[in-house]
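Per-entry structural report
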Amino acid sequence: MIKTAFTPFKDKLTAPLTKKQITVLQINLGKRCNLSCNHCHVEASPKRTEEMTPEICEQLIELIHRFPEIKIVDLTGGAPEMNYGFKLLVEAANKNGNQVIVRSNLTIYFEDGFGDLPEYFAKHQVRVVASLPCYLQDNVDKMRGHGVFQESIKALRSLNELGYAQNPNLILDLVYNPQLPTSEKFSLTPDQGKLERDYKMFLQEHFNIVFNNLFTITNLPVGRTKFHLERTKLYAPYLQFLEANFNPNTLEHLMCRDELSIDYLGNVYDCDFNQMMNLPVKTREGEILTVTKLLEADSLDLIDEVQTAAYCYGCTAGCGSSCGGALV
Ligand code: SF4
Ligand code: SF4
């Protein structure tokens, strides 16, 4: 038997990771993005063409209307705003009384044809969760591309001018990702509360920007982060580091417990990371679960156990990590 450098994640579990009631529908509208960040787990870029078709979009609208247990519709990508179905999904979820989240890179507002987005978000009370991996320009531009920091600042100012982070119905959250490691001196994400205070102080003082919450998200060894770790021969050491910081208290709160993640083809996953690593949910009969099958079964409750893999150590290390930040 080949001995791996870290314990299989499954062996860390004392009980199966079961699914709870589904309350979050996270939809990945495709891999097209105006940026191509070096840590992107989706491997998104302007060259990618994969995106949701009108048929899948229609099925998802039906799903949103049919299942009242869905409370949150979380739209991601790529840059989800670039997909033709984006506004249709926002409006369907809005009409249904769901909270709508857009995972926005902020710079998309400066591309041709997308200048109306801030006003559109405000009108539909879309919760904006925006990446800003650091409050320092150099670090952001190194990870995301030259000029991204200044455009992000400009975008945050427009959102503030529309009432974001001031009107209680207009929520603006920021996301912090650590820089990619370049040596075995790994560290966990900093304390979320303290970092949020530092971000707030810096952005207010230097740019007069306000926001609601900061989410710290661990880099999972998936997509471009995985390639980087493999290239620098840090993949196994990084997983060992994450395993050494495994915190069983995070298991109860993992985002995969109460969400369904859908890809642009309508396949169902436990989370966006499983989606990128091509680990779809299987039905009890062993077939890939799809939105069509959920509609046919008239139920979201078709999954017994979450599918896990080595990168799950990223969500369970230290204070834990999810699309909503730290877990405990
Ligand atoms: S991290 Fe976000 S903004 Fe950057 S390439 Fe990926 S999807 Fe686009
Ligand atoms: S990667 Fe994280 S969210 Fe996805 S299945 Fe593993 S623990 Fe759950």
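Use the structure listed above.
Described in the following lines is the structure provided in the data block. As the structure is a prediction and not an experimental result, all values here were calculated from the model.

1. Some words on the environment of Pro-181
Mapped onto the secondary structure, Pro-181 falls in the loop between strand 5 (172–176) and helix 6 (192–207). Of the residues examined, Pro-181 reaches a relative accessible area of 14% and is grouped as buried. As a C-alpha pair, Pro-181 and Thr-232 span 51 residues in sequence and 9.1 Å in three-dimensional space. Excluding residues that lie within four positions of it along the chain, Pro-181 makes contacts with Phe-186, His-228, Leu-229 and Leu-234.

2. What to know about the packing of helix 1 (residues 54–66) against helix 2 (residues 86–95)
Between helix 1 and helix 2, whose axes approach to 9 Å, the crossing angle comes to 10°. As summarised for this structure, helix 1 and helix 2 are arranged roughly parallel, according to the angle between their axes. In terms of crossing hand, the pair formed by helix 1 and helix 2 is right-handed. Along the contact surface, helix 1 presents Cys-57, Leu-60, Ile-61, Ile-64 and His-65, while helix 2 presents Leu-88, Leu-89, Ala-92 and Ala-93. Of the residues in the contact of helix 1 with helix 2, the class split is 8 nonpolar, 1 polar and no charged.

3. Let's talk about the site of ligand 2
Every residue near ligand 2 is listed here: Leu-220, Leu-254, Met-255, Cys-256, Cys-271, Phe-273, Asn-274, Val-306, Gln-307, Tyr-311, Cys-312 and Cys-315. For the shell around ligand 2, the class distribution of residues is 10 nonpolar, 2 polar and no charged.

4. With respect to the site of ligand 1
Looking at ligand 1, the residues that line it are Cys-33, Leu-35, Ser-36, Cys-37, Cys-40, Ala-44, Gly-78, Asn-105 and Arg-144. Grouping the constituent residues of the shell around ligand 1 by class yields 5 nonpolar, 3 polar and 1 charged.

Cut-offs applied
- Residues numbered from 1 in each chain as written.
- Chains lettered and ligands numbered in written order.
- Predicted model: local features only at pLDDT ≥ 70, side-chain atom pairs only at ≥ 80, totals over all residues.
- Heavy atoms only, no water.
- Helix = DSSP H or I, 4+ residues; strand = E, 2+ residues; numbered from the N terminus.
- Buried < 20%, exposed > 50% of the residue type's maximum accessible area, 1.4 Å probe, protein only.
- Contact = heavy atoms within 4.5 Å.
- Axes fitted to C-alpha atoms, helices over the stretch in contact; angles between N-to-C directions.
- Parallel < 35°, antiparallel > 145°, perpendicular 65-115°, else oblique.
- Left-handed = near helix turned anticlockwise from the far one by under 90°.
- Nonpolar A, V, L, I, M, F, W, Y, C, P; charged D, E, K, R; others polar.
- Near = heavy atom within 4 Å.

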